[in-house]
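Working through the structure, step by step
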Amino acid sequence: MSVEAAPARAKKPVEYEATVTEVRRDTHDTVTLFLDLEGAPRDYKAGQFLNIDPHQFPALARLCAYLQEHKGRREPIRSYSLASAPHEPRLAITVKDEEFIPGLTQYPPLLSPYLVHGHLVGTRMKVTGFLGPYVLPEDVTQRTDHLVHLVAGSGAVPNFSILKDALHRELPLRHTFLFSNKTWGDILYRDELAALERAHPERLRVVHTLTRETDASHFGPTVRKGRVGQALLEELLPDFETCLVYACGPAITPWDRRKALETRTPATPRFIEAVLGHLHALGIPDKRIKRETYG
Ligand SMILES: Cc1cc2nc3c(=O)[nH]c(=O)nc-3n(C[C@H](O)[C@H](O)[C@H](O)COP(=O)(O)OP(=O)(O)OC[C@H]3O[C@@H](n4cnc5c(N)ncnc54)[C@H](O)[C@@H]3O)c2cc1C
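Residues numbered from 1 in each chain as written. Predicted model: local features only at pLDDT ≥ 70, side-chain atom pairs only at ≥ 80, totals over all residues. Heavy atoms only, no water.

**So, the confidence of the model for the protein chain**
In this model, the protein chain carries an average pLDDT of 94, and 96% of its residues clear a pLDDT of 70 or more. Counting interchain partners and residues more than four positions distant, the pLDDT-below-50 stretch residues 1–8 has 19 contacts. (pLDDT = per-residue confidence, 0-100. Contact = heavy atoms within 4.5 Å.)

Now the structure itself:
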């Protein structure tokens, strides 16, 4: 009963010419870009991503060259999960502006600030897709009746697509969408999630956890204070032996690992390492946990 055994037919990625038709601001640092692929087929699976090569944008050429000189390697493509679901008429990605914290962050981020702040409506860009095994297996309903979405920040993007797709296809699954953010204002798709919950009360339960919210009026049974901890998981996953967990969010980066090796200090666990620790402590085996890491 391994989730990893999903028969995801690995298709060769295709390059598409996309036009940005709308930029919707979701939060102070995050936007959703709606893309028109000029009638090209959009045969992606919910949970998959597309790639964007930063070298194609003249506005980024100098920063790209500068970073490459300093890092000593070519800047790689960046991946963005589809925020839309296959049944929806418009293809969308949601992009969070990566932070630059002087003294802490080694290099300024390259592509996400441009996608978020570049006023890109009408811009044409090449995208490659669609890729990634973070999808539901065809026989998901034989494996479980409870899908647990365990996500943080922009890690909600592929799970939002999976959730919309599963509800649209009327798969006989219950969903728990456990979403960690810093503050109430950081929550992506807040209204859409609430609307889905109202439309499918028997199928969907959304619970937020906020780590840095100072306004106590937001807290209640469905909005908890603090990080996702073991007690909350125990409360929400009484069926931990049969549920399937799809976890997506920040994890220790390769740069963190390198620094940890150099300084001989263990890298600080991020969302994915922390929740995996809790899930394992609960007794949920790895084969019932599918994960995707950002960062
Ligand atoms: C499968 C997948 C799906 C994703 N989906 C989404 C999504 O839906 N939405 C979203 O917002 N993001 C998503 N991401 C993350 C996205 O691909 C980018 O990583 C993110 O947008 C940051 O890119 P950037 O060019 O802005 O920053 P980058 O230029 O990549 O910099 C990011 C950080 O890495 C550090 N860094 C970069 N290179 C080095 C180096 N050589 N040494 C040390 N530090 C370095 C920088 O200092 C900075 O802190 C996804 C990632 C993956 C793998």
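**So, the domain arrangement of the protein chain**
Each assigned domain of the protein chain is listed here: domain 1 (3–131) and domain 2 (140–294). Between domain 1 and domain 2, the contact holds 25 residues from the first and 26 residues from the second. Summing both sides of the interface, domain 1 and domain 2 together bury roughly 1900 Å²; the carbon and sulfur share of this comes to 52%. Between domain 1 and domain 2 we count 2 salt bridges in total. Lys 164 is the salt-bridge partner of Glu 88, the closest N and O atoms lying 3.0 Å from each other. Summed over the shared surface of domain 1 and domain 2, the result is 6 residue pairs in polar contact (both at pLDDT 80 or more). Top element by residues in the side of domain 1 that touches domain 2 is strand E1 (residues 14–27). It accounts for 3 residues. A breakdown of the residues in the side of domain 1 that touches domain 2 according to their chemical character gives 9 nonpolar, 9 polar and 7 charged. (Domains from an automatic or database assignment. Buried area = accessible area lost by both parts, 1.4 Å probe. Salt bridge = Lys/Arg side-chain N within 4 Å of Asp/Glu carboxyl O. Polar contact = N/O pair within 3.5 Å; in protein donor to acceptor, adjacent residues only side chain to side chain. Helix = DSSP H or I, 4+ residues; strand = E, 2+ residues; numbered from the N terminus. Nonpolar A, V, L, I, M, F, W, Y, C, P; charged D, E, K, R; others polar.)

**Some words on the sheet that holds strand E4 (residues 78–81)**
Judged by pairing direction, the sheet is antiparallel, and its 6 strands sit side by side in the order E4-E3-E6-E1-E2-E5 without closing on themselves. Every other strand in the sheet has two partners, leaving E4 and strand E5 (91–96) as the edge strands with one partner each. The sheet shows a mean angle of 45° between the axes of neighbouring strands, taken without regard to direction. (Pairing = 2+ DSSP bridges. Axes fitted to C-alpha atoms, helices over the stretch in contact; angles between N-to-C directions.)

**Structural notes on unusual backbone geometry**
With an omega of 0°, the peptide bond running from Gly 129 to Phe 130 counts as cis. Non-glycine residue Glu 38 carries a positive phi angle of around 55°.

**Let's talk about the packing of aromatic side chains**
Applying the stated criterion across every chain, the model contains 6 aromatic pairs. Look at Tyr 134 and Tyr 246: their rings are 5.2 Å apart centre to centre, the planes differ by 55°, and that puts the pair in the tilted class. Of this pair, Tyr 134 sits in the loop between strand E6 (124–131) and helix H3 (140–143) while Tyr 246 is found in strand E11 (residues 244–250), placing the two residues 112 residues apart along the sequence. When its relative accessible area of 1% is taken as the criterion, Tyr 134 is described as buried. Ring centres of Phe 160 and Tyr 189 lie 3.9 Å apart, and the angle between their planes is 10°; on these two criteria the pair is classed as stacked. (Phe/Tyr/Trp six-rings, centres within 6.5 Å; stacked < 30°, edge-to-face > 60°. Buried < 20%, exposed > 50% of the residue type's maximum accessible area, 1.4 Å probe, protein only.)

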